[in-house]
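Remarks on the overall topology
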Amino acid sequence: MEILNKALYAIAYSLWYLLSLLPFRALYVLSDIIYFFVAKVFRYRHKVIMRNLSSSFPEKSSDELKHIEAEFYHWFCDYLVETVKLMTISSDELKKRMTFSGMEEFNKALNEGQSCAMYLGHYCNWEWITSLPHWVPSHVQCTELYHPLENKVMDTLFKSVRERQNALCIPMQESLREILRYKNDNKAIVVGYIADQVPHWKNIHHWLTFLNHDTPVLTGSERIVRKTNQAAFYGDMTRPRRGYYHCEVKLITLSPKSTSDFAITDAYFRMLEETIRRTPQYWLWSHNRWKRTREEFNERFEVKDGKVIERKHNENNPQQ
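Here's a quick rundown of the structure. Bear in mind that the values here come from a model prediction, so they are computed numbers and not experimental data.

Quick word on the overall build of the protein chain
- Helix and strand counts for the protein chain come out as 11 helices and 11 strands.
- Taking 320 residues into account, the globule formula puts the C-alpha radius of gyration at 20 Å, and the protein chain, at 21 Å, falls close to it.
- Taking the principal axes of the C-alpha coordinates as reference, the protein chain spans close to 60 × 55 × 50 Å.
- Expressed as a percentage of contacts within the protein chain between residues at least 6 apart in sequence, the contacts between residues at least 24 apart total 77%.
- Of the roughly 16,500 Å² that the protein chain leaves accessible, carbon and sulfur atoms contribute 52%.

Below, the structure is given as structure tokens:
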């Protein structure tokens, strides 16, 4: 099995590498071809996308929603080929195409020895944020939390691509231990949190209104931020034109321990919603974000001593 995995990795790596050598112009031609099949032939996750869009923007007309969906497909296909390009793109080229502003307060905190949290959403090309090490003090290690892929070959491949710009990938299950290790060594680090995923049932501790939905949200990142006293910032991304992105770094708080419970999470989702409403086509609408409801949660679970536990089955309804 080990030999097979190595062979599959070599094949996948070679194909990705060869594709990444194509210039952006050729990659965007490829993106347009992919768009035809994704949007016109297979209509990838069309029902999920339109359900998400229509419930998030009830004030928009059918034509407006269809336009956003079409633009989403165009961007999503660009995102795919841009991620492929990460395999070989030079640091200088990436710095031209992925720029940052508002770094003064961010870098000031790092130079004073305080670690920083960068909150992001699945918006624009979040993979290119791995170039952040080129914009922070050289002694600071940038990290990002991620969920390892079940396919070991693809997980190894994606991890190697994401770490090309010296941003270290930390598996979610090891996040607190690794961050505390840096803290105990008095080393300031940057931690990237993409926190707009759907939480597992037993990780639901907070609900808020997000894009017109009653939404369960991840709060584990806030617990880590507060425990390790990371200055919290939000990365407000824009796409000036095809192949170029900009991230404006906005302060949430320099004193996380002084904030009330869930205040950082609430601020993050409020800022993310403002970003999405400004230019909605660049968020990952194909993700089934609202598949968990408060009604189902209340039926199946209860909270005791701060922990979410499953309710005992009703004797008359063992399937409840």
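Concerning the sheet that holds strand 1 (residues 98-101)
- Strand order across the open sheet formed by 7 strands is 1-9-8-2-5-3-4, with mixed pairing between neighbours. At either end of the open sheet lies a strand with only one pairing partner, and these are strand 1 and strand 4 (167-171). Strand-to-strand twist in this sheet, taken as the mean axis angle between neighbours without regard to direction, amounts to 30 degrees.
- Helix 6 (residues 103-111) rests against strand 1, strand 2 (116-120), strand 5 (189-194), strand 8 (231-241) and strand 9 (244-253) of the sheet, and its axis sits at about 145 degrees to strand 2.
- Seen against the sheet, helix 9 (residues 220-228) touches strand 2, strand 5 and strand 8 and runs at an angle of roughly 165 degrees to strand 2.

Description of helix 8 (residues 175-184)
- Listed in full, the buried residues belonging to helix 8 are S175, E178, I179 and Y182. All buried residues of helix 8 fall inside an arc of 95 degrees around its axis, so they share one side. Those residues of helix 8 that are exposed and angled more than 90 degrees off the buried face are R177 and N184.
- In this structure, the buried side of helix 8 is in contact with strand 3 (141-146), strand 4, strand 5 and helix 9.
- Downstream of helix 8 by a residue or two, N186 has a phi angle that is positive, lying close to 55 degrees.

Looking at helix 1 (residues 2-20)
- Its 19 residues give helix 1 an end-to-end C-alpha distance of 26 Å, which sits within 8% of 27 Å, the value for a rise of 1.5 Å per residue.
- Listing the buried residues of helix 1 in full gives A12, W16 and S20. Down the axis of helix 1, the sector holding all buried residues measures 70 degrees, keeping them to one side. Facing away from the buried surface of helix 1 by more than 90 degrees, the exposed residues are I3, K6, L15 and L18.
- Tucked inside the fold, the buried residues of helix 1 contact helix 4 (62-85) and helix 7 (152-162).

Quick look at the environment of K291
- Residue placement: K291 occurs in the loop between helix 10 (263-278) and helix 11 (294-300).
- The exposure class assigned to K291 is partly exposed, which follows from its relative accessible area of 45%.
- When the C-alpha positions of K291 and V136 are compared, they lie 38 Å apart, and in sequence the two are 155 residues distant.
- If near-sequence neighbours (up to four positions away) are discounted, K291 is found in contact with V198 and E296.

Some details on the environment of S31
- Within the secondary structure, S31 sits in helix 2 (residues 24-41).
- We classify S31 as buried; its relative accessible area is 1%.
- On a C-alpha basis, the gap between S31 and F210 in space is 31 Å, while along the polypeptide they are 179 residues apart.
- At a separation of 2.6 Å, a polar atom in the side chain of S31 contacts the side chain of D78.

Some details on the pattern of salt bridges
- Summed over all chains, the structure comprises 16 salt bridges.
- For D32, the salt bridge is made with R242, and the minimal N-O distance between the two is 2.9 Å. Here D32 is found in helix 2, whereas its partner R242 is found in the loop between strand 8 and strand 9, with 210 residues between them in sequence.
- A residue is classified by how much of its surface remains accessible, and R242, at 34% relative accessible area, is partly exposed.

The rules behind these values
Residues numbered from 1 in each chain as written. Predicted model: local features only at pLDDT ≥ 70, side-chain atom pairs only at ≥ 80, totals over all residues. Heavy atoms only, no water. Helix = DSSP H or I, 4+ residues; strand = E, 2+ residues; numbered from the N terminus. Rg over C-alpha atoms; globule rule 2.2 N^0.38 Å. Contact = heavy atoms within 4.5 Å. Areas by Shrake-Rupley, 256 points an atom, 1.4 Å probe, with all protein chains shown as cover. Pairing = 2+ DSSP bridges. Axes fitted to C-alpha atoms, helices over the stretch in contact; angles between N-to-C directions. Buried < 20%, exposed > 50% of the residue type's maximum accessible area, 1.4 Å probe, protein only. Arc of directions from axis to C-beta. Expected span 1.5 Å × (residues − 1). Polar contact = N/O pair within 3.5 Å; in protein donor to acceptor, adjacent residues only side chain to side chain. Salt bridge = Lys/Arg side-chain N within 4 Å of Asp/Glu carboxyl O.

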